[in-house]
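Chain residues, written in single-letter form:
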Amino acid sequence: LRAEGISEDVLPRRGGIGDARPPLVGIIMGSHSDLPTMQDAVEVLREFGVPYEVDVVSAHRTPEKLVAYSRSASDRGLQVIIAGAGGAAHLPGMVAAMTPLPVIGVPIKTSTLNGQDSLLSIVQMPRGVPVATVAIGNATNAGLLAVRCLCASRPGLRDKMEAYQLNMKNAVDDVSRRLLE
Ligand code: RP5
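Along each chain, residues carry numbers from 1 onward, in the same order as the chain's sequence is written. Given that the model is predicted, a residue must reach a pLDDT of at least 70 before its local features are reported, and side-chain atom pairs must reach 80 or more before they are shown or counted; all residues, however, enter totals for whole chains, interfaces and linings.

## Remarks on the overall build of the protein
What counts, and what does not: The numbering of helices and of strands both runs from the N terminus, where a helix is a DSSP run of H or I of at least 4 residues and a strand a run of E of at least 2. C-alpha atoms define the radius of gyration in this analysis, and the globule rule sets the expected value at 2.2 Å times the number of residues to the power 0.38. Note on burial: count the other C-beta atoms lying within 10 Å of the residue's C-beta; 20 or more is buried, 12 or fewer is exposed, in between is partly exposed, and C-beta positions come from the backbone. Contact criterion: two residues are in contact if their C-beta atoms, reconstructed from the backbone, are within 7 Å.
Tallying secondary structure elements over the protein gives 6 helices and 6 strands in all. Taking 16 Å as the expected radius of gyration for a compact globule of 181 residues, we find that the protein reaches 17 Å, a close match to that expectation. On the principal axes, the C-alpha backbone points of the protein span a range of 55 × 45 × 40 Å. For the protein, buried positions account for 36% of its 181 residues. Within the protein, contacts between residues separated by at least 24 positions form 69% of all contacts whose residues are at least 6 apart in sequence.

## Quick word on the site of the ligand
Convention followed: Contact assignment follows one rule, namely that a residue is near a molecule or strand if its backbone-placed C-beta atom lies within 6 Å of it. Lys, Arg, Asp and Glu make up the charged group, whereas Ala, Val, Leu, Ile, Met, Phe, Trp, Tyr, Cys and Pro make up the nonpolar group; the residues left over, Gly among them, are polar.
As a matter of local geometry, the ligand sits amid Met-29, Gly-30, Ser-31, Ser-33, Asp-34, Ser-58, Ala-85, Gly-86, Gly-87 and Ile-108. In terms of residue class, the shell around the ligand is built from 3 nonpolar, 6 polar and 1 charged.

## A word on the nonpolar core
One recurring pattern in soluble globular proteins: nonpolar side chains tend to sit buried together. Stated formally: Remark: nonpolar core denotes a set of buried Ala, Val, Leu, Ile, Met, Phe, Trp, Tyr and Cys residues whose joining runs through C-beta atoms within 7 Å.
Val-25 and Ile-82 are the most contacted members of the largest nonpolar core, which has 45 residues in total. Looking at which element gives the most residues to this core, the answer is helix α1 (residues 35-48), with 6 residues. In contact with Ile-82, other than residues within four places in its own chain, are Val-25, Ile-27, Ala-41, Ile-104, Val-106, Ala-142, Gly-143 and Ala-146.

## Some thoughts on the confidence of the model for the protein
Any residue range with low pLDDT should be treated as having predicted coordinates unsuitable for detailed reading. Note the cut-off: A score between 0 and 100, pLDDT records how confident the predictor is in each residue.
For the protein, per-residue confidence averages 92 on the pLDDT scale, and residues scoring 70 or more make up 91% of the total. On the interface metric, ipTM, the complex scores 0.97, and its pTM is 0.91.

## A look at helix α6 (residues 155-180)
Stated precisely, the cut-off is as follows: Expected span of a helix, by definition, is 1.5 Å for each gap between consecutive residues, and there is one gap fewer than residues.
For α6, with 26 residues, the first-to-last C-alpha span of 37 Å sits near the 38 Å given by 1.5 Å per residue. The element α6 is largely exposed, with a buried count of 0 among its 26 residues.

## Things to note about the packing of α1 against helix α5 (residues 139-151)
Helix packing geometry: the angle between the two helix axes and the distance between the axes. What counts, and what does not: Every angle, taken between N-to-C directions, lies between 0 and 180 degrees, and every axis is a line fitted to C-alpha atoms, over only the stretch in contact when it is a helix. Helix crossings are classified by the rotation of the near helix relative to the far one: an anticlockwise turn of less than a right angle makes the crossing left-handed, while a clockwise turn makes it right-handed.
Remark: α1 packs on α5, axes separated minimally by 7 Å, with the N-to-C direction vectors making an angle of 35°. The element α1 and its partner α5 pack so that their crossing is right-handed. In this structure, α1 uses Thr-37, Met-38, Asp-40, Ala-41, Val-44, Leu-45 and Phe-48 to contact α5, whose residues at the interface are Ala-139, Thr-140, Ala-142, Gly-143, Leu-144, Ala-146 and Val-147.

## Digging into unusual backbone geometry
Despite not being glycine, Asn-114 has its phi angle at roughly 60°, a positive value. Take Asn-114: it is sitting in the loop between β5 (103-107) and α4 (116-123).

## A look at the environment of His-32
The residue His-32 is located in the loop between β2 (25-29) and α1 in this model. Residue class for His-32 comes out partly exposed when judged on the 17 C-beta atoms lying within 10 Å of it. Along the primary structure His-32 and Ala-163 are separated by 131 residues, whereas in three dimensions their C-alpha atoms are 33 Å apart.

## Re the environment of Ser-176
Relative to the helices and strands, Ser-176 resides in helix α6. Given 9 C-beta atoms within 10 Å, Ser-176 falls into the exposed group. Taking C-alpha positions, Ser-176 is 40 Å from His-32, a pair spaced 144 residues apart along the chain.

## Observations concerning the environment of Ala-135
For Ala-135, the position within the fold is in the loop between β6 (132-133) and α5. Distance from Ala-135 to Val-172, taken between C-alpha atoms, is 22 Å for residues 37 residues apart in sequence.

Below you can see the structure in the form of structure tokens.
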């Protein structure tokens, strides 16, 4: 694995708060090569203290794992799934077809078509099978959207989200103020 540039302790893994709480968010991706993009979603969940799990699940290379993961996700306690994929990006849609949970799709930027292939593959879902699709490569927003899904029933998490939004506003105001000085 190391020879291929893949860190052996990276996937699959769990994390978020350093205890044994079961993961609430599942972060999956079609390939280990998606991890540099998907890591941004991991960072958001860490920042908000949300327990998560991360794994590679490929719609095309590991279809049985895809079915097992999707069918078991809700019973295992997951509440949101973030799925990143590139190119013929069928992973988020297939997961959404097999789970009642909200699925957030992350189109991975590709070298051939800049991720427009990924975006269109993920966003053009048929009526009845929703995937909440974020911008190409924007796994940060996928993480934030997952936190917002969880906020509805968790006042503590909602407070953290409001603090995050206030920090963003203050950062913009600070820059504006300095530019006008
Ligand atoms: C997709 O194919 C993956 O999500 C990835 O973005 C893309 C390329 O995968 P690798 O050939 O780099 O493993 O299924």
